[in-house]
Structure formats: structure tokens, C-alpha cells
Amino acid sequence: MNFDRNTIIGFAAMMVLLFGYIFFTQRQQGALEAEKQKTADSLAKVEAAKRKLVDTAAQKTATLKFDSAQQTQAAGEFQPALSEQLTVVENELMKVSFTNKGGYPKSVELKNYKRYDGKQVVLGGDAHQLIYSVNTGDNKTALTSQLNFTNAGITKTADGQTITFRIADSAGKSIEHVYTIKNNNYLIDWNVKLNGADKLLTQGILNLNWDITAKQQEKDLKYEKGQSNLGYNEEGDYDFEAAGTGDTKKFGDKTKWIGVKQQFFNTSIIAGSTFAYGESTWAVPEEKDDSLQKVMDVKSVLRFNLAGASQGTVPMQLYYGPNDFHTLKAIGNKLESHVQLGYGIFAFVKYINRFVVMPVFDFFDRNIGSMGIVILLLTFFIRLIISPLTYSSYLSGAKMKVLRPEIDELKKKHGSDQQAMSMEQMKLFRQAGVNPLGGCIPALLQIPIFFALYSFFNANIGLRGESFLWAKDLSSYDTIATLPFNIPFYGDHVSLFTITATITSLLISVYNMQMTPTQDNPVMKYMIYFFPIMLLFIFNSLPSALTWYYTVSNIVTLGLQFVIQKFIINEEKIHAKLQENKKKPVTKSKWQERLEQIQQTNQKVQDTKKTGGKK
């Protein structure tokens, strides 16, 4: 593809959109700096409060005694939870640890996934809570985490297992938490059954407090934060709030589910019908606190209305698992939207991923053992699909090259008169049947494909932990060297796939410049070298699957350019065809007629100014 002026403009537009898209997705619509400062101040207050505590054995003992007395008093007619006991229930995919202090799943270990450090992925943990407040007696209330729920036993069926936690008082009021864990499933069915709901709940309102800390799972914590958000389904539509630096989000009475989504995992709560109300507040630790290995802390209040019912059941579902598109889609309620295959102003590319890229990728994945080879074959497939656009672009470049001598003659004829030059050039293009934008339009049409693949490789959990050549994990950047310092906009590591992508991009630019007549504009001449070099900084922290794809795609481009320009496109035949087109009558479109009228009017104005100047 020869780089005439219009092609370079199209190429520049493409790269601006590319950088804009990557910047947009990496920023993830970050919160305002004021909110960041607010979060930092809040964390500082917490730390200051912690420092005030005197860590002595005597004070610890006194505190424990006081807490026990408080819990016993708050529990009222129910049994207080003074010590914690964990019950583990597992299926083929996960191991769920339930606590008696509130009767809820405290942590979930995913058997088939490991963290960046080789340990098993665990969702939830010590900071995880699913609790609510109940009336325990006259003028007494307690959180369910302060009450001792008894494990009523595990019932096994052909489909899975059911575990029930129960607590009751002497007056007949009782609470049951019934959990059903199905075989080969990450979903937990949860039913909260209240006997005496009108007495246990104030005004029949159950406010479920859901606290969770999303812990680091990937090696690049900063990138994982950028890919994390709070997702939800409200009024049947999916939306999300980026993690940013922290924020608060309120939900209406038509919210079906909310979920804390990390790069490759999520924890979500799905209402049986909808929540009556909801509010979530989250905080993201600053970079200086990366040693905490936290992505974000989220606190949510989800309301259910049981007003007027003496007995009530609140059905919910809990999801602890991977952001696997097919797994989430099988659950329904658009939970698969956690896998962000395109969103915002680029939401349209998700359809390219869902109906083209994913089926082809899955087909190769089922039949090929190496994920790197799968990406290689996917690249060949995509280049085959867009080959008509590629050929059209090269053919347009060849036509412009053939017309170059005539364009140069027009430049000599009109000199600095750009208006006359433009009119004559448009006339030449029209007579020869050449579209001056024919080189950049095919390139612009390929932009959605790159955006789709960028989203796909960022969201595809199938790449996680898959190695290829020197890349240990195709879902993250590859590293051949770690620098003892951080280079601004580049990082502290060297990615070899990023280097190969940059070099092959430069080779394409050099090859095209050799095939293109001398550029009069020095900016146009050197601009095409600028963008490949920029890739070195933009791509260095992106998934190696993407930079591997880009490398292969560039190599295919070089091969196609050589074959098409040397063996398929015949410039002599093109020249003869263009000369033949000039002999045919030219039909002008209404747009061309208007453009020509404007140019003629501008030309007359310029001629009048010149004549007036001579007088």
C-alpha cells in the first residue's frame, strides 16, 4: 500500500483512534481526584485509629471479655456466636467454607485456577461478610454475624448438596440459611427463611450488608485494577462503574444483580426478583499500598421488603467464579456482560467478538493444543476475511502511484495556486475513475476488528496461565528482562513480543516508503515512523496474546504486500485502464457538482483578488 497524502491521513486517523481506545479502556473512566483524596483521607483516619490502640495482652483480654459480654447481651433470646467454626462443602469446581457466625460462605477456593504466585484463587476471605440486622428481644438488635447458627447437616442429591444453618429462640422465631451447591457449578442457591419475620425485622425491611475485599490475583496489580469494576443489571440492562479510585453507586428497585468484577474473576449476588434498593461504596488503595495486594474494598447494602409477612423467604443466588463467557451466559440475566468484549462508544465491537472471533477461537482451541498456535491460526483467519479490503487498499495505492507523474505536472502548471491545483486534481481523479480515499477507507474499516481483538484478548480467561515460546502467561505481558528502574510511559520490564510488533510495524513503514514516490511534505514523510515507535510504549504492558497477534499480522502484511505488488498488481495494465477511463463520459454525482461549484466560486474570488492587487 503506497502512502499518498490521503492514505497517510487515514492511517493517522486510525492510530489516533487506536491510542484513544487503549487510553479509554486503561483509564476505565477513573473517578475524580477529589474522590481519590476523600478515600485517602478516610483510609488515613482508619490507620490513625489503629495506631492509637495499645497492643498489650491485658488490654486484649479485657477487650475480648467486653466484646463477649456485648454479643451475649445483643443476642437477646438467641445464642451468641462466641467462637468461629468453619464447615467446608465442595464440588468439582470449588471449595466453600461456611462460618457459623452468621451462617454464610466466608471464602470460596476455585480448584482450577491459581494466582500469579502459584497459590489457589480464593474469593472472599476474612473481610467477606453477608449479614443483616434482626430484632433479638425488647429493644435489642444484633447482626447475624453475632449469632451462632447451627449446621443442621448436609444433604446430598444426584444434582448436588444442600447445607442448612439454623438459629431459633424459645418463642418460636427462627432463621434458616439454606444453601444448594450443584455439581460442576460455580453458582450457589441461597434462601433466607424467616419464621416470625414481622418481629425479627423492623418494618419488614431486611438490609443485607455485603462486604468483600477483592484480592490481587494477577501479576500486574495496576493493570488488574484498571480492568476491575462494579457491574450491575438494572432494568434489564447491564452497566458498570469503573474501580477508579473509589466511589458510591445507588441502585433502584429494578436491579437484578450486582457484582464485584476483577480482570478474570467475579463475585456476584443475584436477587430472586429484584432488590428493593441498593447502595455500594468502594475504595481502591493507592499505589503506595500495593503491598496489601488489594484491588478494592467494597461495602454494599441490598434491601428486601417483607413488610406484612409473618413468614418470609428471600431467594438469592451467589456466584463465585471465573469470568468465563459461556459459564456466565448459561446462568442468564446477562451475567456474561462481566466479560467485557466491547463497551462504551466501542460497544458495537462486542458483536464481532461474540459472533465471529469467539466461535473461531473456540474451534481452534478445541483442536489445537498450543494457545499460541490458536492465536496464529486466528490471525490467518482474520486476515483472510479482510483480504478483499487489503487488496482494495493496495490497488488504490497502485492507481495513485500511476497517476503521480500527471499530478506532478499539475503542480508545476499551477505552482502555489492550491485552489486551481485541487480542482484539476479532482478532475483528473474523476476522469481516471480513481477514488482518492480508496487507500484509507479499507484501513479505517479494519479498525473495529483491532478494537474487538483488543477487548477479546484482555477479557479471555482461556489465555490465563497459557504459555507460548518465552511468554509464561498470554493473558499478561511477557518479560525477557526486568529493569532496576521505571521508565515513564514504558514500565520496568522489557516485553519481547512488543519489540517484535514494533519492529515489524517499522519494516512495513520502510517497505512502503521505498515503494512510494518522494514525499514533498517532510511531516508526512516521517509521520509513518512515529506511530510504530509509539507502539513500543503503548503495547509494553498489554497482554502478550495481543502483541503476538499483532506481530503475526504484521508479518502477514509484509508478505501480502510483496506478493500483491510484485505478482498480482500490474501497473502497466492499471495505467492503460486509467487512460481508457479518461475517454469515457464522466457522470458527476450531486455531491461532486456541489463541490465543483464551491471550488469554482473560490477560484473566482481568488482571481478577483489577484486582479485587484495588480491594479
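Draft legend 1. Expanded view of the overall build of the chain. Each helix and strand counted, the chain has 17 helices and 22 strands in total. The buried share of the chain, reckoned over its 615 residues, is 47%. Put simply, 67% of the contacts in the chain that link residues at least 6 apart link residues at least 24 apart. Approximately 30,000 Å² of the chain is accessible, and the part contributed by carbon and sulfur atoms is 56%.

Draft legend 2. Quick peek at the sheet that holds strand β18 (residues 277-283). One open sheet accounts for five strands, arranged β5-β12-β19-β18-β15; its pairing is antiparallel. The sheet terminates laterally at β5 (129-131) and β15 (246-251), the two strands that pair on one side only. The average angle at which neighbouring strand axes cross in this sheet is 10 degrees, direction not considered. Of the pairings in the sheet, the one linking β15 to β18 comprises six bridges and is antiparallel in character. Bridged to K249 within β18 is S280.

Draft legend 3. Representation of the pattern of salt bridges. Evaluation of the coordinates by the stated rule reveals 16 salt bridges. Between D126 and K106 there is a salt bridge whose closest N-O contact spans 3.9 Å. With a gap of 20 residues between them, D126 in the loop between β4 (120-124) and β5 and K106 in strand β3 (residues 104-114) connect regions that are remote in the sequence. Judged by relative accessible area, which is 72%, D126 ranks as exposed. E176 serves as the salt-bridge partner of R166, at 3.1 Å between the closest nitrogen and oxygen. Here R166 is found in strand β9 (residues 160-168), whereas its partner E176 is found in strand β10 (residues 174-182), with ten residues between them in sequence. Here the salt bridges do not stand alone but share partners, grouping E77, D169 and K173 into one network.

Draft legend 4. Summary view of unusual backbone geometry. Here the phi dihedral of N139 falls at roughly 55 degrees; this positive angle occurs in a residue that is not glycine. When you line up the elements, N139 lands in the loop between β6 (133-137) and β7 (140-143). Of the residues examined, N139 reaches a relative accessible area of 84% and is grouped as exposed.

Draft legend 5. View of the packing of aromatic side chains. One pass over the full model with this rule turns up 26 aromatic pairs. Plain terms: the ring middles of Y232 and F251 are 5.1 Å apart, the flat faces sit at 70 degrees to each other, and that makes the pair edge-to-face. Linking Y232 in strand β13 (residues 229-234) with F251 in strand β15, this pair joins segments that are 19 residues apart in sequence. Judged by relative accessible area, which is 3%, F251 ranks as buried. A ring pair is formed by F530 and F531, whose centres lie 5.5 Å apart and whose planes are at 70 degrees; its orientation type is edge-to-face. You can call F530 partly exposed: its relative accessible area is 46%. One aromatic cluster in this structure is built from F98, F165, Y179 and W190. Lying over the aromatic face of Y477, K219 brings its terminal NZ or CZ to 4.3 Å of the ring centre.

Draft legend 6. Structural view of the sheet that holds strand β20 (residues 311-322). If you trace the nine strands from one edge of the open sheet to the other, you get β8-β9-β10-β11-β20-β17-β16-β13-β14, paired in antiparallel fashion. The outermost strands of the open sheet, each flanked by one partner alone, are β8 (150-156) and β14 (237-242). The average undirected angle you get between the axes of adjacent strands in this sheet is 15 degrees. Across six bridges, strand β16 (residues 255-261) lies against strand β17 (residues 265-275) in antiparallel orientation. Directly across from K261, in β17, lies its bridge partner N266.

Draft legend 7. Quick peek at the pairing of strand β1 (residues 86-90). Residue alternation in β1 divides its side chains into a buried set, T87 and V89, and an unburied set, L86, V88 and E90. Pairing geometry for β1 and strand β2 (residues 94-99), over five bridges, is antiparallel. If you follow T87 over to β2, its bridge partner there is F98. Hairpin connection of β1 to β2: three residues between the antiparallel strands.

Parameters at a glance
- Residues numbered from 1 in each chain as written.
- Predicted model: local features only at pLDDT ≥ 70, side-chain atom pairs only at ≥ 80, totals over all residues.
- Heavy atoms only, no water.
- Helix = DSSP H or I, 4+ residues; strand = E, 2+ residues; numbered from the N terminus.
- Buried < 20%, exposed > 50% of the residue type's maximum accessible area, 1.4 Å probe, protein only.
- Contact = heavy atoms within 4.5 Å.
- Areas by Shrake-Rupley, 256 points an atom, 1.4 Å probe, with all protein chains shown as cover.
- Pairing = 2+ DSSP bridges.
- Axes fitted to C-alpha atoms, helices over the stretch in contact; angles between N-to-C directions.
- Salt bridge = Lys/Arg side-chain N within 4 Å of Asp/Glu carboxyl O.
- Phe/Tyr/Trp six-rings, centres within 6.5 Å; stacked < 30°, edge-to-face > 60°.
- Lys NZ or Arg CZ within 6 Å of the ring centre and 35° of its normal.

Everything listed is a geometric property; what it means functionally is a separate question.
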